[in-house]
Amino acid sequence: MAKPSLPTPASPDNKPLAGWRLRWYTIIFEADTRAGRVFDLSLIAVILLSIAVVMADSVQSLHLAYGRVFTVLEWIFTLLFTAEYVVRLLCVRKPRQYAGSFFGVIDLIAVLPTYLALFFPGLHALIDVRVLRLLRVFRVFKLAAYVAEYQFLGRALAASGRKILVFLSAVLMVVLVMGTVMYVVEGQTNGFTSIPTSVYWAISTVTTVGYGDITPQTDLGRLIASFMMLMGWGILAVPTGIVTAEMAAQRQMQGSQAPTTRTCHECLTEGHGPDADFCFNCGARLPPYQQQTGA
């Protein structure tokens, strides 16, 4: 008879969530409890203040008058964000997975510029990348429609990928042909010095940007340019229609139950319904739903 397998100790990169780690996880990664909501609102306030300090420090007159104060405040903000990042790593079951996730990378980038500025002063301005962390506002205010639209948009873009790729290929062929035609019609004397330069002009014309650095001089060239400008309006509308149609299809497939900030401990995917038992992304069992009670 085969021997029963002994339980293997938890891997350092797959820690069980319990006790203080579970409590801090619920506060930091979810916003359906009072403590989680207060934490995220406080975090956003600190992020906005840190960005305001960096912007004010870039004004020369304010820098000369309050440069030392701005430096002290920036280090306070950086230490706070560093402590928060470390606590996030301690709370999750798989720290490496969180560190490599989108928000994990953003959280790390938010603190690196201040430390790197000690060796490369020019990087100090990159501190404004912290504004990306305000993406958490979708979780904080927990507007179900916003969270749902965020998920709809992601799925719609993924479903529209092949269609948009085919569309961009068709546009590329159009600008290549029209750029070549303009190179023949206008010639080098009118600024169309090569086919790549003419293709550049065609792209800026079709996208209705029109920098004006290269303009057709002949009547035939202007006629072609007018046609391309009108065609550009229709071209810009096509990707919007593709994504909108996919979003409508995704909405029909979406259930009526409003999503929450409930997060899977295994893959950190959020947006599960309050009655869900398993993660819709990895299939792991979800912990009991903790919701804010009272005002």
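Please read these numbers as outputs of a predicted model, since none were measured by experiment.

So what's going on with the pattern of salt bridges? Residues and values would help.
Here the structure, examined in full by the defined rule, presents two salt bridges. A salt bridge links E84 to R88; its shortest N-O distance comes to 2.6 Å. On the criterion of helical spacing, the pair formed by E84 and R88 is a turn pair, its members being four residues apart in helix 3 (residues 60-91). For R88, the salt bridge goes to D107, with nearest N and O atoms at 3.7 Å. Remark: D107 occurs in helix 5 (residues 102-116) and R88 occurs in helix 3; sequence separation between them is 19 residues. Overall, R88 belongs to the buried group, its relative accessible area being 0%. Residue class for D107 comes out buried when judged on its relative accessible area of 2%. Here the salt bridges do not stand alone but share partners, grouping E84, R88 and D107 into one network.

Go over a nonpolar patch on the surface with me, naming the residues and quoting the values.
On the surface, a cluster of nonpolar side chains totalling about 640 Å² of accessible area is made up of V59, L62, Y66, V69, V72, L73, I76 and L80. With respect to the helices and strands, L73 occurs in helix 3. When its relative accessible area of 31% is taken as the criterion, L73 is described as partly exposed.

I'd love a proper account of the packing of aromatic side chains, names of residues and values included.
Counting across every chain of the model gives seven aromatic pairs. An angle of 70° between the planes, with centres 5.4 Å apart, marks the rings of F102 and F103 as edge-to-face. A cation sits over an aromatic face here: R88 above F29, 5.2 Å from the ring centre.

Describe the confidence of the model for the protein chain, naming the residues involved and giving the relevant values.
Overall, the predicted model of the protein chain reaches an average pLDDT of 78, with 77% of residues at or above 70. No element of the protein chain has a lower mean pLDDT than helix 6 (residues 137-140), which averages 54, and none a higher one than helix 8 (residues 195-206), which averages 92. A low-confidence stretch, residues 1-12 (pLDDT under 50), is modelled with two contacts involving residues beyond four sequence positions or located in other chains.

Would you mind going over the environment of I242 in detail, with residue names and values included?
Locating I242 in the fold gives a position in helix 9 (residues 219-253). Aside from chain neighbours lying at most four places away, what touches I242 is S160, K163 and I164.

Could you give me a rundown of the nonpolar core, with the residues and numbers involved?
One recurring pattern in soluble globular proteins is that nonpolar side chains are buried together. Ranked by internal contacts, the top residues of the largest apolar core, which has 15 residues, are V175, W201 and M228. Where this core is concerned, the elements lending two or more residues are helix 7 (144-186), helix 8 and helix 9. Looking at which element gives the most residues to this core, the answer is helix 7, with five residues. With near-sequence residues (within four places) excluded, W201 lies in contact with M182, F192, I214, P216, A225 and M228. L43, I47, I51 and F70 belong to the second-largest nonpolar core, a separate cluster that totals nine residues.

Go over the packing of helix 2 (residues 34-57) against helix 3, please, and point to the residues and values.
Direction vectors running N to C along helix 2 and helix 3 enclose 150°, while the axes themselves pass 9 Å from each other. Of the possible angle classes, the one that applies to helix 2 and helix 3 is roughly antiparallel. Classified by chirality, the crossing of helix 3 by helix 2 is left-handed. Residues F39, L43, V46, I47, L49, S50, V53, V54, A56 and D57 of helix 2 form the contact with helix 3, whose own contacting residues are L62, H63, G67, F70, L73, E74, F77, L80, F81, E84 and R88. Residues that form the contact of helix 2 with helix 3 fall into these classes: 14 nonpolar, three polar and four charged.

For the environment of V92, give the residues involved together with the corresponding values.
Examined against the element boundaries, V92 turns out to sit in the loop between helix 3 and helix 4 (95-100). In sequence terms V92 and H265 are 173 residues apart; their C-alpha atoms lie 7.0 Å from each other.

So what about the state of the cysteines? Which residues, and what values?
Applying the stated rule across the entire model yields zero disulfides. The cysteine C264 is free of any disulfide, with C282 supplying the nearest cysteine sulfur at 3.7 Å. For C264, a relative accessible area of 0% gives the class buried. This cysteine, C267, is not joined by any disulfide, and C279 carries the nearest cysteine sulfur, 3.6 Å off. We classify C267 as buried; its relative accessible area is 16%.

Conventions adopted
- Residues numbered from 1 in each chain as written.
- Predicted model: local features only at pLDDT ≥ 70, side-chain atom pairs only at ≥ 80, totals over all residues.
- Heavy atoms only, no water.
- Salt bridge = Lys/Arg side-chain N within 4 Å of Asp/Glu carboxyl O.
- Helix = DSSP H or I, 4+ residues; strand = E, 2+ residues; numbered from the N terminus.
- Buried < 20%, exposed > 50% of the residue type's maximum accessible area, 1.4 Å probe, protein only.
- Patch = residues over 30% accessible without salt bridge, like charges linked within 9 Å, V, L, I, M, F, W, Y side chains within 5 Å.
- Areas by Shrake-Rupley, 256 points an atom, 1.4 Å probe, with all protein chains shown as cover.
- Phe/Tyr/Trp six-rings, centres within 6.5 Å; stacked < 30°, edge-to-face > 60°.
- Lys NZ or Arg CZ within 6 Å of the ring centre and 35° of its normal.
- pLDDT = per-residue confidence, 0-100.
- Contact = heavy atoms within 4.5 Å.
- Core = buried A, V, L, I, M, F, W, Y, C linked by side-chain atoms within 4.5 Å.
- Axes fitted to C-alpha atoms, helices over the stretch in contact; angles between N-to-C directions.
- Parallel < 35°, antiparallel > 145°, perpendicular 65-115°, else oblique.
- Left-handed = near helix turned anticlockwise from the far one by under 90°.
- Nonpolar A, V, L, I, M, F, W, Y, C, P; charged D, E, K, R; others polar.
- Disulfide = S-S within 2.5 Å.

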